[in-house]
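Fold and contact review
Single-letter residue listing:
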Amino acid sequence: MVRYVAKRLLLAGVTLVGITIVTFAVTRLAPGDPALEAVSRGGASTMSAEAYARLRTYYDLDQPLSRQYAAWLGRVVRLDFGRSFHDGRRVTDKVGERLPATLCLAGGAVVLSLAFAIPIGLASARRAGGVFDTVAGGVLAALHSVPRYVMAMLLIVVVGVHLDWFSPYGLRSDSFEDMSYPGKAADLVRHFALIVFCFAYPLIAYQARFIRGNLLEVLGQDYIRTARAKGLSERAVLHRHAFRNTLLPLITVVGLLVPSALGGSVILETMFQWPGIGQLLFQAMTQRDYPVVMALTVVAAVVVLLCTLLADLTYALADPRVRYA
Amino acid sequence: MTTWTAYGWIVTCATAAGVWAADYDPTRDPLVNPASLFESPPASADRIADEDWIIRHLRAEPASLNPILTSSGHELTVQELLFDEPVVLGPEFEWMLNPAMAEGYSEADDHLTAELRLKAGLRWQDGVPLTAEDVVFAWQMIRSEHVPAVRARAATEGVVDCRAVNPVTVRFRFREALPTNRWRIKFPILPRHVYERGLSEDPTLSRSDTHVEANRHPVGNGPYRLVDWAAGDRIVLERWADYAGPRPRFARVIFRIVPDGNTALLMFKRAELDEMMLTPQQFARDTRDDRFARVGVKGRADQATVYCIAWNMDGTNPFFGDVRVRQGMSHALNMPLILNTVYDGLFSRSRGLFPPSSWAFNGDIPLFDYDPTKAAALLDAAGWQVDSEDGWRYRNVVGPDGTQTRVKFAFTLGFAQESKTSPQLAAVFQQDLRRVGVDMKLQALEYLTLRGRVFTHEFQAVIWAWTAEPEPDDAWNLLHSAARSGGRNFVGYANPDVDALLEQGRRSFDPEVRRGIYRALAAKVYEDAPYTFLINAPSLWAFHKRIRGVHFSPMGPAGFYPGARAWWVPAGEELRGTR
C-alpha cells in the first residue's frame, strides 16, 4: 500500500512539472506581454518604445525563457509563488482571499446536488421503469444537456432582473454592513441561490442517474434477497442495505466532479460577478499576469491529481480485488 | 482563410440586422440629455442631499491607487477622488490651478523656470502637513529609473529639475523654452512620509509589502478616503470630513468592479449602479425598455476620441506609401452608410487630427466624399490596374534586386475583436473595396495583440483610435518623422512639410499663430491621409435619474475638475445611505 501510494505520488509530481512546463510555454507564446499591457493601459497615447523596454526589464521578461522558468520553479518548490505582475501583491494573498468564495460555491453545489440527487435516485430505483423514473429521467437528461452559461443567462435575465426574486450579482448588497443578522442571512441567500443552482444542476442529473444505476445493480445481489427474506420493509432494504453499498462509489464520483466544477467557475463567476478564483484566472489571462496564471494552474492541477489519487485509493479500499500493483 | 470568409459573412449579416434596426434618433429620445441631468446645485445647502451614496461603475480592477503608477481610465476614476493635484484639467480641457490646493503659477521671462505656490496649511488624510517637499518627492519618484510610472513619466518629459524653495513654493526648470511647459508640471503628488519608508528596500515603490499596502490603501489628500477594497468586487470610499475644499456631496462613493458591459447594464436596471458608460448599441437599443426608464436617463456629448484607419507606410508593403492609394481608400469608404448603420447615427464624422472641442480644430477641411469612381481613378493613376480576367487590381512592383513581380492589391485590415462597431465597419469597407477591385481581408485580434502588432509595426492597416490630448503639440509624437522610432508614429509617416509645421507649432508663444499652424497641419494631414479619419466618438452614459450637476468634458463626465465632485442629488430624493 505504502509503495503504491509513493509510486502514485511520484508520478503525480512528474505530471505536475509537465503541466507547469506546458502552461508556462503556452502563456508566454500568447501574443502580447505584461509590459505591453502596462505601457498601453492608458490608451495609445502612452505607448513608447523606451517605456516598453524599461518595463520588460522591470518584469524580468528580458531574460531567456528557460531561465525565467527555472527561477519560477525554484521559488515554487519553496512555496513562493512570487508577486502579481498586475498589482505587485503576493500571489498567495490574491489567491487566498478569493479561494473561500469559490470553495463555498463548490461545496454548496455538492451539498445542494446531493440533497436532490439522493432522493430522486432512490425513488427512481424503487420503481425502475415507473412513471416517476421515466419523468425524472427525462427532465434530468434535458437539464443535463443545457450548457451552464445558457442556464446562467436565462436565470439572470428572467429570475434576477425581470422577476427580481434573487440578486444575480456579487456576494452581498452594498448596505450589507448595516443589516441585522437575519437580514444578512437573507441577503447572502439572495446572492448565492442562482449561481449555486447553476453549478449544481448538471451534478444533480449526473448523480441521480449514477445512484439509480448502482442501486439497481445492488438490488439484484443475493444479500438483498436475504434481507427481504428476513422480512425487512422495502424502505429498510433500500436505505440501509442497498444504498449504503452505493455510497463509496458515489463519494468517488463527487470527488471527481469537484475539479470539473472548478473548471466551470471561470465562465460562471465572470457572469455572476463572483469574486472567486475563476474570475481571477480570467482577469489574469487577459492581463498576461503570468505569476497568477501559473499559480492557479498549479492549484487546479494539484486538486485534480489529488482527487484522482484519492478516487483510486478509495476504489481499492472498497473492493479488495483491486490490487496495488 | 475560410475562417475569415465565414467571419465576414457573420459580420455582414449582423450589419444587415443593424440596417434594419437603424431607426434611432437620439434627439427624439426623451431620456437623452434631460435638463435635470445638467442642473446646477441650488445656493442653499439644505436642498442638497447630504447622506446619499452613489454607486459607480468600474470596468476593471485597478492595479494600484498610487497616482504615479496608474494610467488606465478606471484607475484615474477612483484616484481623482482620493488625491488632489495642484494643477488640473478644467471642464473644457483647459490647464488650470486646483483652487483647493494651489495659489499661483508664474513663469520667468525666458520660460525656462517656473514657480508653483501651494496654499498654506494643507494636510494629508492622516493629519501630516502637505508641503512642497511632497511635490518634489513625487517628481523624483516619477523620474526614477526604478519606478514603473508610465503615464506620469511621459507627462513630465522636459522638466529637468524640481526643488522646494520653501514649504509652499516649488521651482521647476525646463529643458527648453516651450509654450507647452506648463502642462509638464501637471503631475500627481505623493505623501513622502508614507513612501520614503522602505525606499531603500524597494526603490520601485511597487514590490515590497509596505509599498503594496500603501498603494492599495493610500493616504490621500482628496475629498474622499478609502475604507474598503474587496478584491474583484468593490472599492468603498467615504467622505473625508476635514477636506479643505468644498464639502463632498456624497457620504459614500462605492465603485463596483464589473468588467462586462452587458452585466453592468442589467445591474443598472436593477438600480445596483448609478452611472455607467454605454456602447452605441446599448444607448440606441438596449435602453428603450420600461425597466431602464424607471431608473435612468442618458447623457450624450462630443468627446475627444478619434477613430481612424491607420495605413502602414514604412515600406513593408507595396500599397500605402503612395498618397494616391491612401486617398483612393478614403474615397472608397462609404462613410454615410457607416455613420447611419454601424454607429446608429450617434457619432459625428471626424474632420481630421483634432476633435471639435480642441482650440486647434479646423472645421473648414474639405472631407473625402464617398465616390468609388474617384477612388478607382486614383488607384489607376497609382499604377494599380484592374485585371479584366478576375476583376482584382495588380501592379508590377520592382524588388530591391531589380526584378519585377506582379502583385495583387490584397491586404489585411486588423481590428479589435472586443469592439462592438469595428467588425461591422470592416465588413462594410470590405464590400466597398471589392467594388473597386481591392481585396481586403479581415483580422479580428484581441486588443492587447492588436496593440502589440501596431507597436512592432507588424500590420498593413488597422482600425485605430486615440483620445486627443488637450495640447495639440501631442501630434508631434504621432506624426513627426523623428517619432517613427521611440514615438507613436507607428505608421512610419514622414512628410517634411508636416515636420516643419510641428516644429513651428511647438516653438511659438503666440496663441493665434499656433492656432493657424495647427489648423494648417490638420488640413495637410487630412489630405495626405496617413490615417483615414473616421469618426469622433461621443460620450454615451447612463445616470440614475436622481443625479444632477453632470457636465461632459471632451473626456466624458469625469476625469477633469470638478467632474464627478460636482454631481449632486436633491434633498428628499436620496436612494441609499442613512436617511
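Note that the coordinates shown come from a computational prediction; the quantities given were computed from them, not determined experimentally.

Overview of the overall build of chain A
Across its full length, chain A carries 12 helices and zero strands. In chain A, the succession of helices and strands from N to C terminus is α-α-α-α-α-α-α-α-α-α-α-α. The dimensions of chain A, computed from C-alpha atoms along their principal axes, are 85 × 55 × 35 Å. For chain A, buried positions account for 47% of its 325 residues. As presented, chain A carries roughly 15800 Å² of accessible surface, and 68% of it is formed by carbon and sulfur atoms.

Topic: the domain arrangement of chain A
All names here are of chain A. Segmenting chain A into domains produces domain 1 (2-77) and domain 2 (94-318). Each of domain 1 and domain 2 was reduced to a C-alpha centroid, and the two centroids are 33 Å apart. In this complex, domain 1 contributes 21 residues to the contact, which on the side of domain 2 involves 14 residues. Surface buried jointly by domain 1 and domain 2 totals about 1600 Å² across both partners, of which 77% is contributed by carbon and sulfur atoms. Here domain 1 and domain 2 share zero salt bridges between them. Run the count over domain 1 and domain 2 and you get one residue pair in polar contact (both at pLDDT 80 or more).

Focus on unusual backbone geometry
Where the residue is not glycine, phi is negative for most of them; where a peptide bond is considered, it is trans in most cases. Residue and element names in this part refer to chain B. Of note, the amide linkage connecting Tyr561 to Pro562 takes the cis form, showing an omega dihedral of 0°. Relative to the helices and strands, Pro562 resides in the segment after strand 20 (531-544). You will see that His111, though not glycine, has its phi angle at about 60°, which is positive. Its place among the elements puts His111 in the loop between strand 4 (102-107) and strand 5 (113-118).

Considering the sheet that holds strand 7 (residues 169-174) of chain B
All names here are of chain B. As summarised here, the arrangement of the four strands in space is 4-5-7-6, forming an open sheet in which the pairing is antiparallel. The two strands at the open ends of the sheet, each matched to only one other strand, are strand 4 and strand 6 (159-166). Between one strand axis and the next, the sheet turns through 20° on average, direction left out of account. In the sheet, strand 5 pairs with strand 7 via five bridges, with the strands oriented antiparallel. Each residue of the ladder has a partner; that of Arg117, found in strand 7, is Thr169. Contacts from helix 4 (residues 132-143) reach strand 5, strand 6 and strand 7 within the one sheet, and its direction differs from that of strand 6 by about 160°.

Looking at the pairing of strand 15 (residues 393-398) of chain B
All names here are of chain B. The pairing of strand 14 (residues 385-386) with strand 15 spans two bridges and is classified as antiparallel. Its bridge partner lying in strand 15, Val386 is registered against Arg393. If you look at the hairpin formed by strand 14 and strand 15, you'll find six residues sitting between the two strands, and Gly391 has a positive phi there, around 85°. Across five bridges, the pairing between strand 15 and strand 16 (residues 404-408) is antiparallel. Residue pairing in the sheet places Val398 in a bridge with Gln404 of strand 16. Counting the residues in the hairpin turn of strand 15 and strand 16 gives five residues, including Gly402, whose phi is positive at 90°.

So, the pattern of salt bridges
Counted according to the given criterion, the structure contains 59 salt bridges over all chains. Note that A:Glu50 and B:Arg153 form a salt bridge whose closest N and O atoms lie 3.8 Å from each other. Here A:Glu50 is found in helix 3 (residues 49-58), whereas its partner B:Arg153 is found in helix 5 (residues 150-155) on a different chain. Accessibility expressed as a relative area gives 11% for B:Arg153, which makes it buried. Between B:Arg488 and B:Asp474 there is a salt bridge, with the nearest N and O atoms lying 3.1 Å from each other.

Observations regarding helix 3 of chain A
Of all the residues in helix 3 of chain A, the buried ones are A:Ala51, A:Tyr52, A:Arg54, A:Leu55 and A:Tyr58. In an axial view of helix 3 of chain A, the angular spread of the buried residues amounts to 165°, which keeps them on one side of the axis. Looking at the buried side of helix 3 of chain A, the elements it contacts are helix 2 (34-39) of chain A together with helix 5 and helix 16 (447-455) of chain B. Just beyond helix 3 of chain A, the residue with positive phi is A:Asp60, at close to 60°.

Observations concerning the environment of A:Val76
Residue and element names in this part refer to chain A. Considering the arrangement of structural elements, one finds Val76 in helix 4 (residues 65-76). According to the relative accessible area criterion, Val76 is buried, its value standing at 13%. Through-space distance from the C-alpha of Val76 to that of Thr246 is 40 Å; in sequence the pair is 170 residues apart.

With respect to the packing of aromatic side chains
Residue and element names in this part refer to chain B. Within the structure shown, the criterion is met by 37 aromatic pairs over all chains. Relative to Phe533, the ring of Tyr531 has its centre 6.1 Å away and its plane inclined at 45°; by these criteria the two rings are tilted. Of the two residues, Tyr531 and Phe533, neither departs from the other in class, the shared state being buried. By the ring-pair criterion, three or more aromatic residues cluster together here, those being Trp311, Phe319, Phe320, Trp384, Phe409, Phe411 and Phe429. Stacked on the ring of Tyr394, the Lys or Arg Arg406 has its end atom at 4.0 Å from the ring centre.

Considering the sheet that holds strand 15 of chain B
Pairing is antiparallel in the open sheet, where three strands are placed in the order 14-15-16 (chain B). Lying at the two open borders of the sheet, with one neighbouring strand each, are strand 14 and strand 16 of chain B.

Some words on the interface of chain B and chain A
Taken together, the contact pairs 52 residues of chain B with 56 residues of chain A. The contact between chain B and chain A buries some 4500 Å² in all, and 53% of this surface belongs to carbon and sulfur atoms. For chain B, the biggest contributors to the area lost against chain A are B:Arg270, B:Leu448 and B:Phe455; these three give 15% of the whole. At the junction of chain B and chain A, the tally comes to 10 salt bridges. Across the pair A:Asp87 and B:Arg216 runs a salt bridge, and its minimum N-O distance is 3.9 Å. The tally of links between chain B and chain A comes to 16 residue pairs in polar contact (both at pLDDT 80 or more). When residues of the side of chain B that touches chain A are traced back to their parent elements, those giving at least two are strand 1 (53-58), helix 5, helix 8 (209-216), strand 8 (224-230), strand 10 (252-257), helix 9 (261-269), helix 16 and strand 19 (461-467) of chain B. The biggest single contributor to the side of chain B that touches chain A is helix 16 of chain B, with five residues. Grouping the amino acids of the side of chain B that touches chain A by side-chain chemistry returns 21 nonpolar, 12 polar and 19 charged.

Analysis parameters
Residues numbered from 1 in each chain as written. Chains lettered and ligands numbered in written order. Predicted model: local features only at pLDDT ≥ 70, side-chain atom pairs only at ≥ 80, totals over all residues. Heavy atoms only, no water. Helix = DSSP H or I, 4+ residues; strand = E, 2+ residues; numbered from the N terminus. Buried < 20%, exposed > 50% of the residue type's maximum accessible area, 1.4 Å probe, protein only. Areas by Shrake-Rupley, 256 points an atom, 1.4 Å probe, with all protein chains shown as cover. Domains from an automatic or database assignment. Contact = heavy atoms within 4.5 Å. Buried area = accessible area lost by both parts, 1.4 Å probe. Salt bridge = Lys/Arg side-chain N within 4 Å of Asp/Glu carboxyl O. Polar contact = N/O pair within 3.5 Å; in protein donor to acceptor, adjacent residues only side chain to side chain. Pairing = 2+ DSSP bridges. Axes fitted to C-alpha atoms, helices over the stretch in contact; angles between N-to-C directions. Arc of directions from axis to C-beta. Phe/Tyr/Trp six-rings, centres within 6.5 Å; stacked < 30°, edge-to-face > 60°. Lys NZ or Arg CZ within 6 Å of the ring centre and 35° of its normal. Nonpolar A, V, L, I, M, F, W, Y, C, P; charged D, E, K, R; others polar.

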